[in-house]
Amino acid sequence: DIGYDVGQIDGSLGSTTKSALRQFRQSRGLGDTGVIDNTIIDALIAEANDQDAKLGFFFCNETMLPIWAAFAQPTDDTEGYRSSGWWLLDSGSCAKVRRGALTSEPYYVYGIMQADDEEVGLAGGDTPFCITAVQFHAEGGVTCSESGYETAQFRRIDTGGEKAWTFEFRPEQFNQDLASPSQ
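Quick caveat, the model's predicted, so the values are computed rather than measured.

*Asks:* What exactly am I supposed to notice about the packing of aromatic side chains here?
*Replies:* The description of two aromatic rings rests on the distance between their centres and on the angle between their planes. Counted according to the given criterion, the structure contains 17 aromatic pairs. Measuring from centroid to centroid gives 5.4 Å for Tyr81 and Tyr108, while their planes differ by 80°, and the two rings are edge-to-face. Pair noted here: Tyr81 is in strand S3 (residues 81–89) and Tyr108 is in strand S5 (residues 107–115), with a separation of 27 residues, a long-range link. Judged by its relative accessible area of 16%, Tyr81 falls in the buried class. Taken together through their ring pairs, the aromatic side chains of Phe57, Phe59, Phe71, Trp87, Tyr107, Phe167, Phe169 and Phe174 make up a single cluster.

Pasting the structure below:
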C-alpha cells in the first residue's frame with residue numbers, strides 16, 4: 001500500500017485502479033496512462049521498498065563494545081510470543097530485527113555486552129523468554145529448560161502504536177544499579 005485508493009481488491013483492472021495508476025504515474029513524471037508496464041511495476045516496487053525500509057523494529061548499539069541482541073515479538077497466528085537471536089551489533093551499528101509495520105502489542109529486547117572475557121546482560125528486564133548460546137527461534141508456550149533453552153529476562157518495550165521503533169543499547173543499561181526499564 002503506497003497510499004492510492006484502488007478500491008476493493010478483486011483482481012480486475014477496473015477504472016478505480018487505472019485512475020490510481022494514472023495518479024501515481026503523474027506524480028512520478030511517468031506519463032498519464034493507466035497502463036501497467038515494466039516502468040510502472042519497477043516504480044511501484046521501488047516505492048513499496050522505500051516505505052518498507054522505514055517500518056519495523058531496529059536495534060542500535062550506542063556502546064563502545066559489541067552486543068549480542070535478542071528479540072521477542074508477538075506471533076502472527078496465536079496470542080503468544082516468539083523469541084529469536086542473535087544479532088551481533090558492533091559499536092555504532094544498527095540492525096533491522098523485524099520487517100513491516102509494528103502492531104500495538106509490546107515487544108521485548110535482551111542483549112549481552114561482550115566486555116573482554118566477561119558477558120554482561122541487559123539490566124531491567126522482567127519478562128522471561130527462551131534463549132540459547134547459538135542462533136535460535138523459540139516459540140512461546142514452551143518450558144525453556146525442557147526444550148533445551150536457557151531463560152533470560154527481557155525488557156518490555158511499548159511502542160505506543162508506532163509503526164517503527166528503534167531500541168538503542170546504551171552503556172548504563174548494562175549496570176543493574178543505573179538501569180531502569182524505561183531506558
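Now that the structure is up, let's keep going.
*Asks:* Before we go on, may I ask you to explain the pairing of strand S7 (residues 127–131) in this structure?
*Replies:* A regular strand carries its side chains on alternate faces of the sheet. Of all 5 residues that make up S7, 4 are buried, and the element is covered over most of its length. Strand direction decides the pairing type here: S7 and strand S9 (residues 150–157), joined by 5 bridges, are antiparallel. From the neighbouring strand, Thr127 faces S9, where its bridge partner is Phe154.

*Asks:* Even after reading the chapter, I still don't get the pattern of salt bridges, so can you show me in this structure?
*Replies:* Side chains that differ in sign of charge can pair as their charged atoms come close. Using the criterion set out here, one finds 3 salt bridges in the structure. Its salt-bridge partner being Arg25, residue Asp37 comes within 2.9 Å of it at the nearest N-O pair. One end of the pair, Asp37, is in the loop between helix H1 (15–27) and helix H2 (38–53); the other, Arg25, is in helix H1, and 12 residues separate them in sequence. One salt bridge in this structure joins Arg156 and Asp158, with 3.1 Å as the shortest N-O distance.

*Asks:* Would you explain the nonpolar core in this entry?
*Replies:* What tends to happen in soluble globular proteins is that the nonpolar side chains get buried as a cluster. Formed by 17 residues in total, the largest nonpolar core has its most connected members in Phe57, Phe59, Phe71, Val109, Phe167 and Phe169. Looking at this core, the elements that each hand over two or more residues are strand S1 (56–61), strand S2 (67–74), strand S4 (94–98), S5 and strand S10 (164–169). Contact partners of Phe169, with chain neighbours within four places excluded, come to Phe59, Cys60, Asn61, Glu62, Thr63, Ile67, Ala69, Leu89, Tyr110, Gly111, Leu122 and Phe174. Counting 15 residues, the second largest nonpolar core, distinct from the first, contains Ala72, Ile112, Ala138 and Ala152.

*Asks:* How should the pairing of S9 be read in this particular structure?
*Replies:* Here 3 bridges tie S5 to S9, and the two strands are oriented antiparallel to one another. Directly across from Tyr107, in S9, lies its bridge partner Ile157.

*Asks:* Is there a simple way to explain the sheet that holds S1 in this structure?
*Replies:* Hydrogen bonding along the main chain pairs the strands of a sheet, whether they run parallel or antiparallel. What the 3 strands build is an open sheet, ordered S4-S1-S10; its pairing is mixed. For this open sheet the edge positions go to S4 and S10, each flanked by a neighbour on one side alone. Ignoring which end each strand starts from, the neighbouring axes of this sheet average 25° apart. Where S1 meets S10, 6 bridges bridge the pair, whose relative direction is parallel. Pairing of Phe57 across the sheet is with Trp165, part of S10.

*Asks:* Looking at this structure, how should I read unusual backbone geometry?
*Replies:* Most peptide bonds take the trans form, and the phi angle of most residues other than glycine is negative. Residue Gly85 is joined to Trp86 through a cis peptide bond whose omega torsion reads 10°. Mapped onto the secondary structure, Trp86 falls in strand S3. In this model, Asp116 sits at a positive phi of 55°, which is unusual for a non-glycine residue. Position of Asp116 relative to the elements: it lies in the loop between S5 and strand S6 (118–121).

*Asks:* Mind showing me how you'd approach the state of the cysteines here?
*Replies:* Defined simply, a disulfide is a covalent bond joining two cysteines at their sulfur atoms. Applying the stated rule across the entire model yields 2 disulfides. Bridging Cys60 to Cys94, the disulfide has an S-S length of 2.0 Å. Here the disulfide of Cys60 and Cys94 is right-handed, its torsion about the S-S bond being about 110°. With Cys60 in strand S1 and Cys94 in strand S4, this pair connects stretches of sequence that are 34 residues apart. Each disulfide of the protein joins two cysteines, and with those cysteines numbered along the sequence the arrangement is 1-2, 3-4.

Calculation rules
- Residues numbered from 1 in each chain as written.
- Predicted model: local features only at pLDDT ≥ 70, side-chain atom pairs only at ≥ 80, totals over all residues.
- Heavy atoms only, no water.
- Phe/Tyr/Trp six-rings, centres within 6.5 Å; stacked < 30°, edge-to-face > 60°.
- Helix = DSSP H or I, 4+ residues; strand = E, 2+ residues; numbered from the N terminus.
- Buried < 20%, exposed > 50% of the residue type's maximum accessible area, 1.4 Å probe, protein only.
- Pairing = 2+ DSSP bridges.
- Salt bridge = Lys/Arg side-chain N within 4 Å of Asp/Glu carboxyl O.
- Core = buried A, V, L, I, M, F, W, Y, C linked by side-chain atoms within 4.5 Å.
- Contact = heavy atoms within 4.5 Å.
- Axes fitted to C-alpha atoms, helices over the stretch in contact; angles between N-to-C directions.
- Disulfide = S-S within 2.5 Å.

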